[in-house]
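A closer look at the structure
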Amino acid sequence: MLWDTPPVESSSRALLEQSLPTEKARLYAVSTKESGAWLNALPVSTLGNRLDDNSFKISVGLRLGAKLCETHICRCGTKVDSTVRHGLACKHSAGGHSRHDALNDIIHRALTSCQVHNVREPNGLMHDGNMRPDGLTLVPWYQGKALAWDVAVVDTLAQTYLQGSTNQVGYTANQAEEKKRKYEELEGRYLFCPVGFETYGVFGNEARELVEKIGKKVAARTGKPRSLSFLKQKISIGN
Ligand SMILES: [Zn+2]
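Residues numbered from 1 in each chain as written. Predicted model: local features only at pLDDT ≥ 70, side-chain atom pairs only at ≥ 80, totals over all residues. Heavy atoms only, no water.

**Observations regarding the overall build of the protein chain**
- Looking only at helices and strands, the protein chain has 10 helices and 6 strands in total.
- Here the protein chain has a C-alpha radius of gyration of 19 Å; the compact-globule value for 239 residues is 18 Å, and the two agree.
- When the backbone C-alpha atoms are referred to their principal axes, the protein chain occupies close to 50 × 45 × 35 Å.
- The buried share of the protein chain, reckoned over its 239 residues, is 42%.
- Surface summary for the protein chain: the accessible area is close to 13,600 Å², and the carbon and sulfur share equals 53%. (Helix = DSSP H or I, 4+ residues; strand = E, 2+ residues; numbered from the N terminus. Rg over C-alpha atoms; globule rule 2.2 N^0.38 Å. Buried < 20%, exposed > 50% of the residue type's maximum accessible area, 1.4 Å probe, protein only. Areas by Shrake-Rupley, 256 points an atom, 1.4 Å probe, with all protein chains shown as cover.)

**So, unusual backbone geometry**
- Phi at Gln115 is positive, roughly 65 degrees, even though this residue is not glycine.
- Mapped onto the fold, Gln115 is located in the loop between α6 (95-113) and β3 (118-120).
- Of note in this structure, Glu121 is not a glycine but carries a positive phi near 45 degrees.
- Within the secondary structure, Glu121 is located in the loop between β3 and β4 (135-137).

**Observations concerning the coordination of the zinc ion**
- The protein atoms that coordinate the zinc ion are Cys74 (SG), Cys76 (SG), His86 (NE2) and Cys90 (SG), at distances spanning 2.0 to 2.3 Å.
- Given 4 donor atoms and angles of 100 to 117 degrees at the metal, the environment of the zinc ion is assigned as tetrahedral. (Donors = N, O, S within 2.8 Å, 3.2 Å for Na, K, Ca; no water. Tetrahedral: all angles 85-135°; square planar, octahedral: opposite > 155°, others 65-115°.)

**Let's talk about the packing of aromatic side chains**
- Summed over all chains, the structure comprises 4 aromatic pairs.
- When the ring of Tyr161 is compared with that of Tyr171, the centres are 6.2 Å apart and the planes differ by 65 degrees; the resulting orientation is edge-to-face. With a gap of 10 residues between them, Tyr161 in the loop between β5 (147-154) and α7 (162-165) and Tyr171 in helix α8 (residues 171-179) connect regions that are remote in the sequence.
- Taking the centre distance of 5.2 Å and the plane angle of 35 degrees together, the rings of Tyr183 and Phe192 count as tilted. Like Tyr183, the residue Phe192 is buried in the burial classification.
- Its guanidinium or amino end placed over the ring of Tyr142, Lys213 lies 5.3 Å from that ring's centre, counting from NZ or CZ.
- It is Lys217 that lies over the ring of Trp141; its NZ or CZ is 5.0 Å from the centre. (Phe/Tyr/Trp six-rings, centres within 6.5 Å; stacked < 30°, edge-to-face > 60°. Lys NZ or Arg CZ within 6 Å of the ring centre and 35° of its normal.)

**What about the environment of Ala41?**
- Mapped onto the secondary structure, Ala41 falls in the loop between α3 (33-36) and α4 (53-64).
- In this structure Ala41 comes out as buried when scored by relative accessible area, which is 12%.
- Between the C-alpha atoms of Ala41 and Glu178, which are 137 residues apart in sequence, the distance is 30 Å.
- What Ala41 contacts, discounting residues up to four positions off in sequence, is Asn49, Gln233 and Ile237. (Contact = heavy atoms within 4.5 Å.)

**Observations regarding α4**
- Here α4 contains 12 residues, and its C-alpha end-to-end distance of 16 Å stays within 8% of the 16 Å for a straight helix at 1.5 Å per residue.
- Elements in contact with the buried residues of α4: α2 (21-30), α3 and α5 (86-89).
- Its side-chain oxygen at 3.1 Å from the backbone nitrogen of Asn54, Asp52 defines the N-terminal cap of α4.
- Positive backbone phi, at 75 degrees, marks Gly65, one or two positions downstream of α4. (Expected span 1.5 Å × (residues − 1). Polar contact = N/O pair within 3.5 Å; in protein donor to acceptor, adjacent residues only side chain to side chain.)

In structure tokens, the structure reads:
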């Protein structure tokens, strides 16, 4: 409702002004449409859109900064406070890998659904045999070149980028995309796209551009105009 916009904006400003940097970064991130897109998804199990009660509770609680558990010591030795945010950043957490894998799978399936056949983790593309991007299209994507992509999921509240995250939404995701320049030798032969996502649901600039292109392509191929929204919801759940 338009009439309650001014008081809501004023409360939001007051909240941001009195918040510590970490909370400020969280509030900025969760105020983006991308971060809340999962709440609009239809909870259908066959579409992979249904979250169990616990995942739902944790996803909402993390965004609200609510108390979710008792304080304890993580097996990495760090003290975990009641917001359980440490789980988003800890090296021992399984969440980081599954999130990375889920997001790659969503990109892979979305491309496949618009007949852009592609493979995950292609070998032999780089001089360093140990390095490979997360995916490669087997058909040209743009300007006659195939698309190679690599996903990074980074914690919105990571201390290293906290200063930037309190000033600019998506700062951490954009920094993660910037770090993917190690794949720049792919440029020329392929179109390389770094795809940065943050734990609180924000997209990096390159990720947003790619998701929009894929979503529009799916819409054109399937005739379903809401394909882009559905894709964003799926990514938001995967995140
Ligand atoms: Zn830990």
